[in-house]
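Here is how the chains run, residue by residue.
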Number of protein chains: 2
Amino acid sequence: MTQSKTDPRIVRTRKLIMDSFIELSGKKEFKDITVKDITTEAMINRATFYYHFEDIYDLLEKVLSEVLLINLDYEVFEKNELNEESIVSMFIAITNFQTSLSNRCHRGYEDTIARIIREQLEITLYKMLVKQHTTEKDEALKTATVMLSWGIYGASTEWRRNSEKVQPPEDFIKSVVPYILHGIGFGSRD
Amino acid sequence: MTQSKTDPRIVRTRKLIMDSFIELSGKKEFKDITVKDITTEAMINRATFYYHFEDIYDLLEKVLSEVLLINLDYEVFEKNELNEESIVSMFIAITNFQTSLSNRCHRGYEDTIARIIREQLEITLYKMLVKQHTTEKDEALKTATVMLSWGIYGASTEWRRNSEKVQPPEDFIKSVVPYILHGIGFGSRD
DNA sequence: TACAATGTGTTGGATAAACGACAAATCCAC
DNA sequence: GTGGATTTGTCGTTTATCCAACACATTGTA
């Protein structure tokens, strides 16, 4: 909110570049996409690309972050509360995201993608938690958020390793939601 | 062909403005569209509008010219020859254009629109005629083109005045094509 | 009439984007 | 390997676009 509104040319150009990259990602895999391909598709100068992004990996990160954040943010503004329903749909958003990526052949960037997912998850979870816990000590809340985001991401890796073929993501995550919401000290009660 | 290719920013911005104007024309009529409306829709600065167009009437002219020219030019590149078929479809392009405009309520600009139609018709006809009459004296060919474009435009006004309700444009123009192609010295023979 | 609100067209200074050129890195056929 | 072609990342200069501000015209309304 502090930011003095950004130049419309910047918004326009970034969108052109990102959209072009997404478009190209549907046609060929990441390693075959050059900066020239992107700027040609976007009808902008190649030098302009480097004005906005460090390199093509920087672009990849920012595109993935944005795509995922848009899906996750839906929870914050729509459901607004961290409960079983919102956790389930965030988990589904993550697994969908990973599935769509594996179709687009970003092999070799799994670690980067993992980091991106966890970072965006943290951002979104934090937004929701501060709404519900305005009074509490910020540092602890922050740490809880980090732990939760790592945990949920871990659950998604566990699901992909063992359960992807045998269980839909909503069932998988629902079975552990009680531990998330009420802690491991309690058994599931409803 | 002589022009050193135009700056891509200019192409992009002109297209944004023209598309926005066409988009807005579908929602409200010309007299209610302001420059601010257009630039807001196009997401460009208002001053930039005046960098490309004198005023909103200048924009109107250029948009209409381009839309019509695209329809007419199809004949040049596709059919390539000035014969009954191409004359008929150019005539239909004109009457369609006028009908679509009257739906969009550009009342008060009939004279301007008339001039635009005739000018674009002249351009297109000239392109076709030079292909077929490369050897002849250019001045006479030019004059013939002008007469023909005025004539065809006149036919379209005549059709709208008398025949719009009773006869489709293709039938109307077909009946006079012989006079165009073979002159008034001959009667229609086929 | 008067007075506010909105739209028009222009200006000067700041900034982003275009362009061509360049060295360096990477790729690839031989 | 070697050499040619492509890609990358950077730079300085030029040009298009942004922005805020301005005087003026038009519209609407009390």
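Residues numbered from 1 in each chain as written. Chains lettered and ligands numbered in written order. Predicted model: local features only at pLDDT ≥ 70, side-chain atom pairs only at ≥ 80, totals over all residues. Heavy atoms only, no water.

Describing the protein's contact with DNA strand D
Put simply, the test is: The criterion for a residue being near a molecule or strand is simple. One of its heavy atoms has to lie within 4 Å of it. Polar contacts here mean pairs of N or O atoms no more than 3.5 Å apart (in protein, one a potential hydrogen donor and the other a potential acceptor; neighbouring residues in sequence count only if both atoms are side-chain atoms). Put simply, DSSP H or I for four residues or longer makes a helix, DSSP E for two residues or longer makes a strand, and each gets a number counted from the N terminus.
The environment of DNA strand D is made up of 23 residues, and the closest members are Arg9, Thr13, Thr48, Tyr51 and His52 of chain B. The sugar-phosphate backbone supplies 67% of the atoms of DNA strand D found within 4 Å of the protein. Take Arg12 of chain A: an N or O atom from its side chain is 2.8 Å from a phosphate oxygen of DNA strand D. Arg9 of chain B has a polar backbone atom sitting 2.7 Å from a phosphate oxygen of DNA strand D. For the surface near DNA strand D, the secondary-structure elements that each account for two or more residues are α1 (8-25), α2 (35-42) and α3 (46-52) of chain A together with α1 (8-25) and α3 (46-52) of chain B.

A look at the side chain of Ser163 of chain A
Inclusion rule: Whether two residues are in contact is decided by their heavy atoms: any pair within 4.5 Å suffices.
Note on placement: Ser163 of chain A falls in helix α7 (residues 138-163). Setting aside chain neighbours within four positions, we find Ser163 of chain A in contact with Glu158 and Phe172 of chain A.

Points about the UniProt feature "domain: HTH tetR-type" (unreviewed entry) in chain A
Heads up, the condition is: UniProt positions are given in the numbering used here, feature names are shortened, and annotations may be inferred rather than shown by experiment.
Here, UniProt's "domain: HTH tetR-type" (unreviewed entry) annotation points to residues 11-71 of chain A. The distance separating the terminal C-alpha atoms of residues 11-71 of chain A is 20 Å; by composition the span is 75% helix and 0% strand.

Here we look at the protein's contact with DNA strand C
Close contacts around DNA strand C come from 23 residues, with Thr13, Thr48, Tyr51 and His52 of chain A together with Pro8 of chain B the closest. Here, DNA strand C places atoms within 4 Å of the protein, and 68% of those atoms are sugar or phosphate. At a separation of 2.5 Å, a phosphate oxygen of DNA strand C approaches a polar side-chain atom of His52 of chain A. Between DNA strand C and the protein, one listed contact pairs a phosphate oxygen with a side-chain N or O atom of Tyr50 of chain B at 3.3 Å. Where the surface near DNA strand C is concerned, the elements lending two or more residues are α1 and α3 of chain A together with α1, α2 (35-42) and α3 of chain B. The greatest single-element share of the surface near DNA strand C, amounting to five residues, is contributed by α3 of chain A.

Remarks on the environment of Leu129 of chain B
Residues and elements named next belong to chain B. Checked against the element boundaries, Leu129 lands in helix α6 (residues 110-132). With 17 residues separating them in the primary sequence, Leu129 and Thr112 have C-alpha atoms 26 Å apart. With near-sequence residues (within four places) excluded, Leu129 lies in contact with Leu82, Leu141 and Thr145.

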